[in-house]
Amino acid sequence: MVKFIELKVSSDSEEKTELVNIASIGRVYADPQSRMRSIVELNYQSVNDTPVYLEVDMPYETLRLTLLA
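So, here's what we can say about the structure. Everything quoted here is computed from the prediction, not taken from an experiment.

### A few points about the nonpolar core
Step number 1: Membership of the largest hydrophobic core comes to 13 residues, with the highest contact counts inside it found for Leu7, Val20, Ile25, Val40, Leu42, Leu54 and Leu63.
Step number 2: Setting aside anything within four residues of it in sequence, one finds Leu7 in contact with Lys16, Thr17, Glu18, Val20, Val40, Leu54, Val56 and Leu63.

Right under this line is the structure:
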C-alpha cells in the first residue's frame, strides 16, 4: 500500500503544499536555523544528480511522529 503525506514547503518567497510518497523519504532532520522547520531529504536525485531536499514548515518532532504513525 502506497502512503502519501502532505508537507507545507516554502521556497524563497512562495509557500506550497507538496504531496510526497512516504517511501521516497530518506532522512529527516531539524533545520539548524529554525525550530519550527525541518529538512526532508528524498531518496531520488534531480536532473543534475544533486540530492532533493524540501524545507518543511513543521517542527522536527511533529514531523517525525507523523511519519512513525
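### Describing the environment of Tyr29
Step number 1: If you trace the backbone, Tyr29 turns up in strand 3 (residues 25–30).
Step number 2: Sequence spacing of Tyr29 and Val40 is eleven residues, and the spatial spacing of their C-alpha atoms is 6.7 Å.
Step number 3: Discounting chain neighbours no more than four positions away, the residues touching Tyr29 are Ser38, Ile39, Tyr53 and Tyr60.

### Overview of the pairing of strand 4 (residues 38–45)
Two faces, one strand: in a regular strand the side chains alternate between the faces of the sheet.
Step number 1: Pairing of strand 3 with strand 4, which is carried by four bridges, proceeds in the antiparallel orientation. The residue of strand 4 that forms the bridge with Tyr29 is Ile39.
Step number 2: For strand 4 and strand 5 (residues 51–56), the ladder comprises five bridges, and the chain directions are antiparallel. From the neighbouring strand, Gln45 faces strand 5, where its bridge partner is Pro51.

### Observations regarding the pattern of salt bridges
Step number 1: This structure, assessed with the given rule, holds six salt bridges.
Step number 2: Between Arg27 and Glu41 there is a salt bridge; the shortest N-O distance is 2.7 Å. Remark: Glu41 occurs in strand 4 and Arg27 occurs in strand 3; sequence separation between them is 14 residues.
Step number 3: Overall, Glu41 belongs to the buried group, its relative accessible area being 15%.
Step number 4: Of the charged contacts, one joins Glu55 and Arg37 as a salt bridge, the two residues approaching to 2.9 Å between their closest N and O atoms. On the criterion of sequence distance, the pair formed by Glu55 in strand 5 and Arg37 in the loop between strand 3 and strand 4 is long-range, its members being 18 residues apart.
Step number 5: Each member of the salt-bridge network shares a partner with another, and the members are Arg37, Glu55 and Asp57.

About the criteria used
Residues numbered from 1 in each chain as written. Predicted model: local features only at pLDDT ≥ 70, side-chain atom pairs only at ≥ 80, totals over all residues. Heavy atoms only, no water. Core = buried A, V, L, I, M, F, W, Y, C linked by side-chain atoms within 4.5 Å. Buried < 20%, exposed > 50% of the residue type's maximum accessible area, 1.4 Å probe, protein only. Contact = heavy atoms within 4.5 Å. Helix = DSSP H or I, 4+ residues; strand = E, 2+ residues; numbered from the N terminus. Pairing = 2+ DSSP bridges. Salt bridge = Lys/Arg side-chain N within 4 Å of Asp/Glu carboxyl O.

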